[in-house]
Amino acid sequence: MRAMRRGIREMDLILSAWADIHLDALPEDRLDLFDALLSENDQDLYAWVTGRDPAPERFAAMVDDVAQIFQKQG
């Protein structure tokens, strides 16, 4: 639900699409990381997903994965 109610509509669509595909199969450590990612600022998330700014190392692999959804929707 948190992936769908972000504030920036684009992030709602991108994160909820990624969650629909991956959430059920995520191991607990990746689920915790996704939860932490959802706590980040929307403007920062959008900049990371679009490649405008590099994601912090902690989130880099997950953001790259989420960015695949952005590229498919774009």
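None of the values given here were measured: they were computed from a predicted structure. In this convention, every chain numbers its residues from 1, walking through the sequence in written order. pLDDT decides what is reported in this predicted model: residues at 70 or higher carry local features, side-chain atom pairs at 80 or more are listed and counted, and totals for whole chains, interfaces and linings draw on all residues regardless. Excluded from the side-chain calculation are hydrogens and water; included are all heavy atoms of the structure.

A. Molecular detail of the pattern of salt bridges. Here a salt bridge means any side-chain nitrogen of Lys or Arg lying within 4 Å of a carboxyl oxygen belonging to Asp or Glu. Tallied over the entire structure, the rule returns one salt bridge. With its nearest N and O atoms 3.9 Å apart, the salt bridge here joins Arg52 to Asp53. For the exposure calls, accessible area comes from a 1.4 Å probe over protein chains only, and a residue counts as buried if that area is under 20% of its type's maximum, exposed if over 50%, partly exposed in between. For Asp53, a relative accessible area of 33% corresponds to the partly exposed category.

B. How the structure looks around the nonpolar core. Grouped together as the largest cluster of nonpolar side chains are 21 residues, with contacts concentrated most on Phe34 and Leu37. Numbering of helices and strands runs from the N terminus; a helix is a DSSP stretch of H or I covering at least four residues, while a strand is a stretch of E covering at least two. Counting only elements with at least two residues in this core, the list comes to α1 (9-22), α2 (28-38), α3 (42-50) and α4 (60-73). Sort the elements by how many residues they give to this core and α1 lands first, with six residues. The contact rule is simple, with two residues in contact once any of their heavy atoms fall within 4.5 Å. In this view, Leu37 contacts Leu45, Trp48, Phe59, Met62 and Val63; residues no more than four positions away in its chain are not counted. Among buried residues, the Ala, Val, Leu, Ile, Met, Phe, Trp, Tyr and Cys ones that are joined through side-chain atoms within 4.5 Å form a nonpolar core.

C. Quick look at the confidence of the model for the protein chain. For the protein chain, per-residue confidence averages 87 on the pLDDT scale, and 85% of positions sit at 70 or higher. Mean pLDDT across the elements of the protein chain ranges from a minimum in α4, with 85, to a maximum in α2, with 94. Note: pLDDT gives the predictor's confidence per residue, expressed from 0 to 100.

D. Structural detail: the packing of α1 against α2. Relative orientation of the contacting elements α1 and α2 amounts to 170 degrees, with a least axis distance of 13 Å. What the angle tells us is that α1 and α2 run roughly antiparallel. Two secondary-structure elements touch here, α1 through Leu15, Trp18 and Ala19 and α2 through Arg30, Phe34 and Leu38. Each residue gets one of three labels, nonpolar for Ala, Val, Leu, Ile, Met, Phe, Trp, Tyr, Cys and Pro, charged for Asp, Glu, Lys and Arg, and polar for the others, Gly among them. A class-by-class count of the residues in the contact of α1 with α2 yields five nonpolar, no polar and one charged. A fitted line through C-alpha atoms serves as each axis, taken over the contacting stretch for helices, and the angle formed by two N-to-C directions is quoted from 0 to 180°. Angle categories: roughly parallel below 35 degrees, roughly antiparallel above 145, roughly perpendicular from 65 to 115, and oblique for all the rest.

E. How the structure looks around the packing of aromatic side chains. Stacked, tilted and edge-to-face are the three classes applied to pairs of Phe, Tyr and Trp rings, where Trp contributes its six-membered ring and a pair requires centres within 6.5 Å; stacked means planes under 30 degrees apart, edge-to-face means over 60, and tilted covers the rest. By the definition in use, this model includes two aromatic pairs. Each ring, one from Trp18 and one from Phe34, has its centre 4.9 Å from the other, and the planes form 35 degrees; the classification is tilted. Residue Trp18 is found in helix α1, and its partner Phe34 is found in helix α2; the two are separated by 16 residues along the sequence. Of the residues examined, Trp18 reaches a relative accessible area of 0% and is grouped as buried. The buried category is assigned to Phe34, whose relative accessible area is 4%. Taking 6.0 Å as the distance between ring centres and 25 degrees as the angle between the ring planes, the aromatic pair formed by Trp48 and Phe59 counts as stacked. Here Phe59 lies in the loop between α3 and α4 and Trp48 lies in helix α3, a separation of 11 residues in the sequence. In this structure Trp48 comes out as buried when scored by relative accessible area, which is 11%.

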